[in-house]
Amino acid sequence: MGLVDLVAERILVENCCAQGRMNSSPIKPFSARGLWLVVLFVAALAVLHIPQPFAQDQATFTWGGKALTEGAVLYRDFWDMKQPGIYWWYEASGRLFGFDSIGIRWMDLCWAVVVAPILWAATRPRGELAAVLAACLSFGAFYAKTSYFDLSQVEWLIGGPLAVVLWSLGSE
C-alpha cells in the first residue's frame, strides 16, 4: 500500500467517522485526483532541481554521511556543530541514491513527495481546492525562491514533522 493509498484511506475513515457511519460509505466519495495533482506537481518541481550543485554545507554533510557508512563516529572522528540527524539523513540518502549531489537531490524529491500529501491531507477539511492550493503553493514558493544552497538543509527537512503536526491538529 503506497503513501497516496494510506492518505486516501485515512481521509475516508475520517469522513465516515464524522458522519457516524463507520461501516457505510461517506456522503461524498473520495477522489484522489487532487492528491495526484499535488504529487505530480511537487515531483516535477523537485526534478527540475536535481542537477543543482552542492554548497559548502551539503558537501560537508555528504562527506560526514559517507564517513558514517565507513564506520566513523560523529564528534570523535569528525566534528561539525550541526546536530547528528542531518548526518544520518545524508548517510541514508547516500546509501539509497549515492554520495553525490544528484543522489542527495533524489532524496529531496522523495521527501517532497512524502510531505506534500501530508500537507494536502492536513488542509483537505477546508476543501479540495484549498488542499491542492496549499500544497502546490507551498512547494511552488519554496522552489521558485530557493537556490542550490537552500536544498537539503535542516530547515528543508523540518517541513515533514511540521506537516504531521498540522495534520494532527486538524483531525481533533
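Reading the values: the criteria
Residues numbered from 1 in each chain as written. Predicted model: local features only at pLDDT ≥ 70, side-chain atom pairs only at ≥ 80, totals over all residues. Heavy atoms only, no water. Helix = DSSP H or I, 4+ residues; strand = E, 2+ residues; numbered from the N terminus. Contact = heavy atoms within 4.5 Å. Areas by Shrake-Rupley, 256 points an atom, 1.4 Å probe, with all protein chains shown as cover. Salt bridge = Lys/Arg side-chain N within 4 Å of Asp/Glu carboxyl O. Buried < 20%, exposed > 50% of the residue type's maximum accessible area, 1.4 Å probe, protein only. Phe/Tyr/Trp six-rings, centres within 6.5 Å; stacked < 30°, edge-to-face > 60°. Expected span 1.5 Å × (residues − 1). pLDDT = per-residue confidence, 0-100.

1. Structural notes on the overall build of the protein chain
Then step 1. Counting secondary structure elements, the protein chain contains eight helices and zero strands.
Then step 2. Each helix and strand of the protein chain, placed in order from N terminus to C terminus, yields the pattern α-α-α-α-α-α-α-α.
Then step 3. Long-range pairs, those at least 24 residues apart, make up 65% of the contacts in the protein chain with a sequence separation of at least 6.
Then step 4. A total accessible area of about 9,700 Å² is found for the protein chain, and carbon and sulfur atoms account for 65% of it.

2. Description of the pattern of salt bridges
Then step 1. Taken as a whole and judged by the stated rule, the model has four salt bridges.
Then step 2. Where E91 meets R95, a salt bridge forms, and the shortest distance between an N and an O atom there is 3.1 Å. Of this pair, E91 and R95 both sit in helix α4 (residues 84-97), four residues apart, which is roughly one turn of that helix.
Then step 3. Overall, the relative accessible area of 17% leaves E91 in the buried class.
Then step 4. Across the salt bridge formed by E128 and R124, the nearest N and O atoms sit 3.0 Å from each other.

3. Some points on the packing of aromatic side chains
Then step 1. Inspection of the entire model under this criterion finds nine aromatic pairs.
Then step 2. Ring plane angle 90 degrees and centroid distance 5.5 Å describe the contact between F61 and Y87, whose orientation is recorded as edge-to-face. With F61 in helix α3 (residues 56-69) and Y87 in helix α4, this pair connects stretches of sequence that are 26 residues apart.
Then step 3. Judged by its relative accessible area of 0%, Y87 is buried.
Then step 4. Judged by centre distance (5.2 Å) and plane angle (70 degrees), the ring pair of F142 and Y143 falls under edge-to-face.
Then step 5. Looking at F142, the relative accessible area reads 24%, which means it is partly exposed.

4. Things to note about helix α5 (residues 101-123)
Then step 1. Compared with the 33 Å implied by 1.5 Å per residue over 23 residues, the 32 Å span of α5 between its first and last C-alpha is a close match.
Then step 2. Burial of α5 is extensive: 18 of the 23 residues sit out of reach of the surface.

5. Some points on the confidence of the model for the protein chain
Then step 1. Summing up the model confidence of the protein chain, the mean pLDDT is 85 and the portion of residues at 70 or higher is 81%.
Then step 2. Of all helices and strands in the protein chain, the one with the weakest mean pLDDT is helix α1 (residues 3-18) (60), whereas α4 scores best (96).
Then step 3. Note that pLDDT drops below 50 for residues 23-29; the model gives that stretch eight contacts with residues more than four away or on any other chain.

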